[in-house]
Amino acid sequence: MPMRGRLWVSLVALTLLTGCGGTAAKDPAKKTSIADFEVKPLAVGTVKPCSLVTAQQAGELGLVSAKSDQSGFPREGRPQTPTTCFWADSEGTSLDLQVHESDRAVSLAQSQGEKAPIKGYPASTLDIQGKSCRVSVAVSDDYYLVFQTLASNKPDGACALGRRAAEVAIGNAPTG
């Protein structure tokens, strides 16, 4: 092969290896660690799920009505298990927050529905007929949060509520 041909082949190979002249961004499908998303891991395994959304924030999210404390719907959420918390109002809006532990947290959090990060954290949103929604967010390599919402009386829908609740929980979670 003439020198010019070898030089051309070498340049093509170098270009392919370097991602066309720069460092190529990592393929989203190959992002398996929270570090790939350039966010700090959150230590949600060390807190009670009900502490991830304060009573005031639950009110701001529309998860409780003014009568909530009087009708069996506590403003601070109701623990269901050590890894879940439930909020509901008397008008058909509810949020079930679950903390899941898995060594595949990042891939599991993005496994169902539309993939779109929340505050930079890998997440997916699965709309269930506009009235219910499942929002999953990986917050570390070992933990992901699931927000199951029901919001038939909210004009912006259950998924908007789930994504807003996820933003609140991420903001309240300690870094790890």
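Scroll up for the structure.
Residues numbered from 1 in each chain as written. Predicted model: local features only at pLDDT ≥ 70, side-chain atom pairs only at ≥ 80, totals over all residues. Heavy atoms only, no water.

A. Seen up close, the state of the cysteines. Under the definition given, this model contains two disulfides. With a sulfur-sulfur separation of 1.9 Å, C50 is cross-linked through a disulfide to C85. On the sign convention where negative means left-handed, the S-S torsion of about 100 degrees between C50 and C85 marks this disulfide as right-handed. Of this pair, C50 sits in the loop between helix 1 (3-18) and helix 2 (55-60) while C85 sits in strand 2 (residues 84-88), placing them 35 residues apart in sequence. Like C85, C50 is buried. Note that C133 is cross-linked by a disulfide to C159, the S-S spacing being 2.1 Å. (Disulfide = S-S within 2.5 Å. Helix = DSSP H or I, 4+ residues; strand = E, 2+ residues; numbered from the N terminus. Buried < 20%, exposed > 50% of the residue type's maximum accessible area, 1.4 Å probe, protein only.)

B. Quick look at the side chain of D89. Its place among the elements puts D89 in the loop between strand 2 and strand 3 (93-101). Classification of D89 as buried rests on a relative accessible area of 6%. Separated by 3.0 Å, the side chain of D89 and the backbone nitrogen of G92 make a polar contact. Side-chain polar atoms of D89 contact the backbone nitrogen of T93, separated by 2.9 Å. (Polar contact = N/O pair within 3.5 Å; in protein donor to acceptor, adjacent residues only side chain to side chain.)

C. Seen up close, the sheet that holds strand 7 (residues 143-151). Strand order in the open sheet formed by seven strands is 1-2-3-7-6-5-4, and the pairing between neighbours is antiparallel. Looking at which strands have only one partner, the edges of the open sheet turn out to be strand 1 (78-81) and strand 4 (114-115). Pairing of strand 1 with strand 2 involves three bridges; the strand directions are antiparallel. When the sheet's bridge partners are listed, T81 is paired in strand 2 with T84. Contacting strand 3, strand 5 (123-128), strand 6 (132-138) and strand 7, helix 4 (residues 157-172) runs over the sheet at an angle of about 140 degrees to strand 7. (Pairing = 2+ DSSP bridges. Contact = heavy atoms within 4.5 Å. Axes fitted to C-alpha atoms, helices over the stretch in contact; angles between N-to-C directions.)

D. Main features of helix 4. The first and last C-alpha atoms of helix 4 sit 23 Å apart over 16 residues, in line with the 22 Å expected at 1.5 Å per residue. Looking at helix 4, one finds that the buried residues are G157, A158, C159, L161, G162, A165, A166, V168, A169 and I170. Buried residues along helix 4 sit in contact with helix 2, strand 3, strand 5, strand 6 and strand 7. (Expected span 1.5 Å × (residues − 1).)

E. Geometry of the pairing of strand 2. Where burial is concerned, most of strand 2 is hidden: four out of the five residues are buried. The sheet contact formed by strand 2 and strand 3 spans five bridges and is antiparallel. When the bridges of strand 3 are listed, A88 appears paired with S94. The hairpin formed by strand 2 and strand 3 contains four residues between the paired strands, and G92 there has a positive phi angle of roughly 100 degrees.

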